[in-house]
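A structural walkthrough
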Amino acid sequence: MLHERHPCFVFRFMNGRFPLFCFETRFWGITLGDLSPEDSHVIITAMEDQHRKFMKAALKEAQKAYEKKECPIGCVIVKDGKVFVRAHNLKLTKSNALMHAEVIAIDKACKKLGDWRLNDMDMYVTLEPCTMCSGAIVQSRIRKVYFGAYEPKSGAVCSCNDIFNVEHGHNHHVEFEGGVMEEECSELMLQFFKEMRERNKLK
Ligand SMILES: [Zn+2]
C-alpha cells in the first residue's frame, strides 16, 4: 500500500530495483524489492527527505536574516525538483514593509522566468505566511506551499485566516502543508525574540 497522500507510480524493471515517480512532489526515487509496507515506508521517507532538503535551504535563508537582525524568515521556490530562487526577510534592511521573504522570492522567480504565472512551482517557507504573502502566493499561482512553524497570531493560511480557500473568490487553489521541520523553524524564531527582549532590556 502506498501512502494515500502521495500518489506514486513505480516502474517494474531494472532487475529488482524500482524507479519511482511521485506525482505530487514530482520527484524520482528508487526502492528495492516488492512494495511491502516497509518498502512503501522507504518511499515515503525518501519524499519526506526531499521536503526536509528544501526546508533546510529555506532555514539557511532564515539564518541570513537572523544575522542581519531581521525577523528570521527564509523561503525557497522549487521548480522541477530544484531550488529556483531563494530569499529572506529584508524589511528592516530595506526599510520597506513589502520585503517579506515570500514576496521577494516571488518577485525573483517572475523575473527569472519572465512570466507572472508560477503554476508548476512549490514554495518552502519557514513560517506560515501572513495575509499579504498569502495573497501574493495566490496571485502568482504557486502550486503548493510547505511551511515550517505555525503563526498563531497572524498566520493567514490556516491559523487566523484561510486566504488560500477558493471560497474567497479567487480562481486558483493553492495547496498547503504546515509543520515541515516545525521544531527547527520555531527554534530560530524563539531564539530571535529572546535575544530581542534581552537587547531591549539593556536599553
Ligand atoms: Zn508576509
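Residue numbering note: each chain is counted from 1, following its sequence as written. Side-chain atom pairs in this predicted model are given and counted only at pLDDT of 80 or more, local residue features only at pLDDT of at least 70, and totals for whole chains, interfaces and linings cover all residues.

Attention now goes to the overall build of the protein. Secondary structure elements follow DSSP: runs of H or I no shorter than four residues count as helices, runs of E no shorter than two count as strands, and numbering proceeds from the N terminus. Within the protein one finds four helices and eight strands. Order of helices (α) and strands (β) in the protein, N terminus to C terminus: β-β-β-α-β-β-α-β-α-β-β-α. Exposure criterion: with C-beta atoms placed from backbone coordinates, a residue whose C-beta has 20 or more other C-beta atoms within 10 Å is buried, one with 12 or fewer is exposed, and one in between is partly exposed. Of all 203 residues assigned to the protein, the portion counted as buried reaches 34%. When contacts within the protein are restricted to residue pairs at least 6 apart in sequence, long-range pairs at least 24 apart make up 50% of them. Any pair of residues counts as being in contact when their C-beta atoms, constructed from backbone geometry, are within 7 Å of one another.

Right, let's get into the confidence of the model for the protein. pLDDT runs from 0 to 100 and stands for how confident the predictor is about each residue. This prediction gives the protein a mean pLDDT of 85; 78% of its residues lie at or above 70. Note that pLDDT drops below 50 for residues 1-7; the model gives that stretch 13 contacts with residues more than four away or on any other chain. Note on residues 10-17: pLDDT is under 50 here. Beyond four places in sequence and across chains, it has 11 contacts.

Of all hydrophobic cores here, the largest spans 44 residues; its most connected members are Ala105, Tyr124 and Val125. Contributing elements (two or more residues each) for this core: α1 (37-67), β4 (74-79), β5 (82-88), α2 (101-113), β6 (121-127), α3 (131-139), β7 (144-149) and α4 (182-202). Ranked by residue count, the leading element in this core is α1, at seven residues. In this view, Tyr124 contacts Phe54, Met55, Ala58, Cys75, Val76, Val78 and Tyr146; residues no more than four positions away in its chain are not counted. As used here, a nonpolar core is made of buried Ala, Val, Leu, Ile, Met, Phe, Trp, Tyr and Cys residues. They are joined through C-beta atoms within 7 Å.

Once that is clear, we can look at α2. Helix span, as expected, comes to 1.5 Å for every residue beyond the first. Its 13 residues give α2 an end-to-end C-alpha distance of 18 Å, which sits within 8% of 18 Å, the value for a rise of 1.5 Å per residue. Along α2, the positions that sit buried rather than exposed are Ala101, Glu102, Val103, Ile104, Ala105, Ile106 and Ala109. At the exit of α2 stands Gly114, carrying a positive phi of roughly 75°.

So, on to the pairing of β6. The element β6 is extensively covered by neighbouring structure, given that seven of its seven residues are classed as buried. Relative to β6, β4 is paired through five bridges, and the arrangement is antiparallel. From the neighbouring strand, Ile77 faces β6, where its bridge partner is Met123. Looking at chain direction, β6 and β7 are connected through five bridges and run parallel. Bridge pairing in β7 places Val125 opposite Phe147. Any two strands are treated as partners once DSSP identifies two or more bridges connecting them.

Turning our eyes to something else, we now look at the pairing of β7. Most of β7 sits inside the fold, with five of its six residues counted as buried. Crossover β6 to β7 through α3 is right-handed. As paired strands, β7 and strand β8 (residues 175-177) are joined by three bridges and run parallel to one another. Across the sheet, the residue bridging to Val145 is Phe176, located in β8. When the strands point away from the viewer and the path from the first strand over the helix to the second turns clockwise, the crossover is right-handed.

With that settled, consider the packing of α2 against α3. Orientation of α2 relative to α3, taken along the N-to-C sense of each, is 25°, at an axis distance of 9 Å. By the angle between their axes, α2 is roughly parallel relative to α3. Of the two possible hands of crossing, α2 and α3 adopt the one that is left-handed. Only Met132, Cys133, Ala136 and Ile137 of α3 make contact with α2, whose side of the interface consists of Glu102, Val103 and Ile106. Each residue is assigned to one of three groups, with Ala, Val, Leu, Ile, Met, Phe, Trp, Tyr, Cys and Pro labelled nonpolar, Asp, Glu, Lys and Arg labelled charged, and all others, Gly among them, labelled polar. Its residues assigned to classes, the contact of α2 with α3 comprises six nonpolar, no polar and one charged. To obtain an axis, a line is fitted to C-alpha atoms, over the contacting stretch when the element is a helix, and the angle between two such axes runs from 0 to 180 degrees between their N-to-C directions. For classification purposes, angles smaller than 35 degrees are called roughly parallel, those larger than 145 roughly antiparallel, those between 65 and 115 roughly perpendicular, and all remaining angles oblique. Helix crossings get a hand from a simple test, with the near helix turned counterclockwise from the far one by less than a right angle marking a left-handed crossing and a clockwise turn marking a right-handed one.

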